[in-house]
Amino acid sequence: MAESTKVLIPETFQGGSSFDIAGQIGLIWELIKAPLIVPLLRVGVYVSLAMALMLFVERVYMGIVIVLVKMFWKKPEKRYNYEPIQEDLELGSSNFPVVLVQIPMFNEREVYKISIGAACGLSWPSDRLVIQVLDDSTDPTIKKMVEAECQRWASKGINIVYQIRETRGGYKAGALKEGLKRSYVKHCEYVAIMDADFRPEPDYLRRAIPFLVQNPEIALVQARWRFVNADECLLTRMQEMSLDYHFTVEQEVGSATHAFFGFNGTAGVWRIAAINEAGGWKDRTTVEDMDLAVRAGLRGWRFLYLGDLQVKSELPSTFNAFRYQQHRWSCGPANLFRKMVMEIAMNKKVTLWKKFYVIYSFFFVRKIIAHMVTFFFYCVVLPLTILVPEVHVPIWGAVYIPSIITILNSVGTPRSIHLLFYWILFENVMSLHRTKATLIGLFEAGRVNEWVVTEKLGDAVKKAADAAKNKPAPKFFKKPKFKFGNRLHMLELGFGLFLFFCGCYDYVHGKNNYFIYLFLQTITFLICGFGYVGTIIPSS
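Just so we're clear, the structure is a prediction, and the values are computed from it rather than from any experiment.

Student: Account for the side chain of Asp244, naming residues and giving values.
Tutor: For Asp244, the location among the structural elements is in helix α7 (residues 234-258). Residues within four places of Asp244 in sequence aside, it is in contact with Arg224, Arg226, Phe227, Val249, Gly412 and Thr413.

Okay, here's the thing in structure tokens:
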């Protein structure tokens, strides 16, 4: 007789009418919690605290430096040779260098007239200025409109060239590179790059070019962005807060301490010789501007940021446009870091201190750690510690450090200080996408080279509103059409539900009162998940 085999299965796992799924899940949770979940979560807490400390030290360092810069550093006009370029009575305009202005665009129906008009209105001798409109549009109607606008300005005596390509190879980098190959460009010494929604003031070149002419070691003069639609909606106000910190602190500190920072891709003037020496435009990542800046910086070129030289521009006011932009801005730097970290480390032309600054501060902390710690610590690890009370997060890591970092981040936009708390919640939501994009860039996953041009609305919303006011009221109200499915974002909704569950659990069983933060963060995730953020454009 065969012996009966005794199976060691807990009674609660055995079938029966009293089978309780919730009980089974609870038992499994208790079985794996102590040997697996608790140690992993403790590691997550330690790693998160280390990242938070790195970001904290970086923010405090930059805060101290920017205070010293504002109080004691000399103005750029005093630190560098600077003398305004004047017309000579005998030589006429020949003492002005020939400047190329490049305006890359792609299906920019709403803003093409603004950017072309601003470039044509620059106060610079017309015989020393070449304007190049690099149109990669795929819409034939828009192409004709842009070409007609160029012809209109050309008829007024402006030296403007309309240029198209057969394909969009290399996207913006490819267009800029192709533009520099034209025969007439060999007479140009400098190139100003303006995206389609940027509108420089007439004196822009007169204020920027002298720094390049009189300081041969300078490769780039970067202006600050100013946003014409910052008050359009809450989404644009949130962006203004983030970008104002970037310009007020990060760019200023980089310029003052290392004469290095990331080129913002627009509103800057480059020395063409520096572009060529650095190897020209490359399309290996979606941040061709940062790629060029790093390569030029490694060859010893210096950069200058002018905070008081400002160029008006437009912020993306629809949530989808903003998400695509943030994907590109987060994925590209991480991918560039992967490609260039060894090249930077082995470089012989710059100091060890500058290499450390570029690798650790510029790339690792600001472009990678800053995104990851915000998401993993405050949206994953901290909520999970509520479900696992055996793991403790110190109060300095959960409250004090993020509070100080947030206060330091708010210095760029004092007028929005009352929005600071909501800005924190919104940035936590966006950290989900930035972290995902950063990981895609580091591991070169599927969407690593995805390039979606940021949609610009220009005055379209205002015109539509004005038209609606002037239009006679219809007899029957016609409800605007919204493709609701296009506005649903499942990642945000999923994390919203996860945080809601953690908040409810903390309310019932917790002792730290994290549920207040978790419920507010849940609301923000759900608002974004249902697409009720930014300007909502009805379908026609």
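Student: Break down the packing of aromatic side chains for me, citing the residues and quoting the values.
Tutor: Aromatic rings considered in pairs are described by the distance between their centres and by the relative angle of their planes. For the structure shown, the criterion picks out 27 aromatic pairs. Measuring from ring centre to ring centre gives 5.2 Å for Phe260 and Phe362, while their planes differ by 70°; the resulting arrangement is edge-to-face. A residue pair is termed long-range when its members are at least 10 positions apart, and Phe260 in the loop between α7 and β6 (268-271) and Phe362 in helix α11 (residues 352-387) qualify at 102 residues. Like Phe260, the residue Phe362 is buried in the burial classification. Here Trp270 and Phe303 contribute two aromatic rings whose centre-to-centre distance is 5.7 Å and whose plane-to-plane angle is 70°, an arrangement assigned as edge-to-face. Linking Trp270 in strand β6 with Phe303 in strand β7 (residues 302-313), this pair joins segments that are 33 residues apart in sequence. The exposure class of Trp270 is buried, given its relative accessible area of 0%. The class of Phe303 is buried, set by a relative accessible area of 0%. A cation over a ring is seen here: Lys156 above Trp153, with NZ or CZ 4.5 Å from the ring centre. Sitting over the ring of Phe106, Arg168 keeps its end group 3.8 Å from the ring centre.

Student: Can you lay out the sheet that holds strand β1 (residues 99-105) for me, pointing to particular residues and giving the numbers?
Tutor: Taken together, seven strands build an open sheet; the order of strands is β3-β2-β1-β4-β6-β5-β7 and the sheet is mixed. Strands with a single pairing partner mark the edges of an open sheet, and in this sheet they are β3 (160-164) and β7. Across the sheet, the mean angle separating the axes of adjacent strands is 20° when strand polarity is ignored. Where strand β5 (residues 218-227) lies against β6, three bridges are found, and the strand directions are antiparallel.

Student: Hey, could you go over the packing of α11 against helix α13 (residues 420-443) for me, with residue numbers and the actual values?
Tutor: Packing of α11 against α13 leaves a shortest axis separation of 8 Å and a crossing angle of 125°. Here α11 is positioned oblique relative to α13, judged by the angle of their axes. Pair α11 / α13 crosses with left-handed handedness. Every residue of α13 that contacts α11 at Lys367, Ile368, His371, Met372, Thr374, Phe375, Phe376 and Cys379 is listed here: Glu427, Asn428, Ser431, Leu432, Arg434, Thr435, Thr438, Leu439 and Leu442. Residues belonging to the contact of α11 with α13 are distributed by class as follows: eight nonpolar, six polar and three charged.

Student: Lay out empty space enclosed by the protein in plain terms, naming residues and giving numbers.
Tutor: Summed over all chains, the structure comprises one cavity of 30 Å³ or more. Taken as a whole, the largest cavity encloses approximately 40 Å³ of empty space. Around the largest cavity sit Phe260, Val294, Gly297, Leu298, Val350, Lys354 and Val358, which together line it. When contributions to the lining of the largest cavity are tallied by element, the ones reaching two or more residues are α9 (288-298) and α11. Tallying contributions element by element places α9 first for the lining of the largest cavity, with three residues. Here the lining of the largest cavity is composed, by residue class, of five nonpolar, one polar and one charged.

Student: Can you lay out the state of the cysteines for me, pointing to particular residues and giving the numbers?
Tutor: Under the counting rule described, the total for this entry stands at zero disulfides. Cys188 carries a free sulfur, and the closest cysteine sulfur to it, the one in Cys120, is 15 Å from it. Free of any disulfide, Cys233 has its nearest cysteine sulfur in Cys528, 12 Å distant. Judged by its relative accessible area of 16%, Cys233 falls in the buried class.

Student: Quick rundown of the pairing of β5? Include the residues and the values.
Tutor: Taking burial as the measure, the ten residues of β5 include nine buried ones, the bulk of the element. Where β5 and β7 come together, nine bridges link them in parallel fashion. Within β7, the residue paired with Arg226 across the bridge is Lys312.

Each value, and the rule that gives it
- Residues numbered from 1 in each chain as written.
- Predicted model: local features only at pLDDT ≥ 70, side-chain atom pairs only at ≥ 80, totals over all residues.
- Heavy atoms only, no water.
- Helix = DSSP H or I, 4+ residues; strand = E, 2+ residues; numbered from the N terminus.
- Contact = heavy atoms within 4.5 Å.
- Phe/Tyr/Trp six-rings, centres within 6.5 Å; stacked < 30°, edge-to-face > 60°.
- Buried < 20%, exposed > 50% of the residue type's maximum accessible area, 1.4 Å probe, protein only.
- Lys NZ or Arg CZ within 6 Å of the ring centre and 35° of its normal.
- Pairing = 2+ DSSP bridges.
- Axes fitted to C-alpha atoms, helices over the stretch in contact; angles between N-to-C directions.
- Parallel < 35°, antiparallel > 145°, perpendicular 65-115°, else oblique.
- Left-handed = near helix turned anticlockwise from the far one by under 90°.
- Nonpolar A, V, L, I, M, F, W, Y, C, P; charged D, E, K, R; others polar.
- 1 Å grid on protein atoms, 1.4 Å probe; cavity = no way out; pocket = protein on both sides within 12 Å on 5 of 7 lines; lining within 4 Å.
- Points joined across faces, edges and corners; volume = space filled by probe spheres on them.
- Disulfide = S-S within 2.5 Å.

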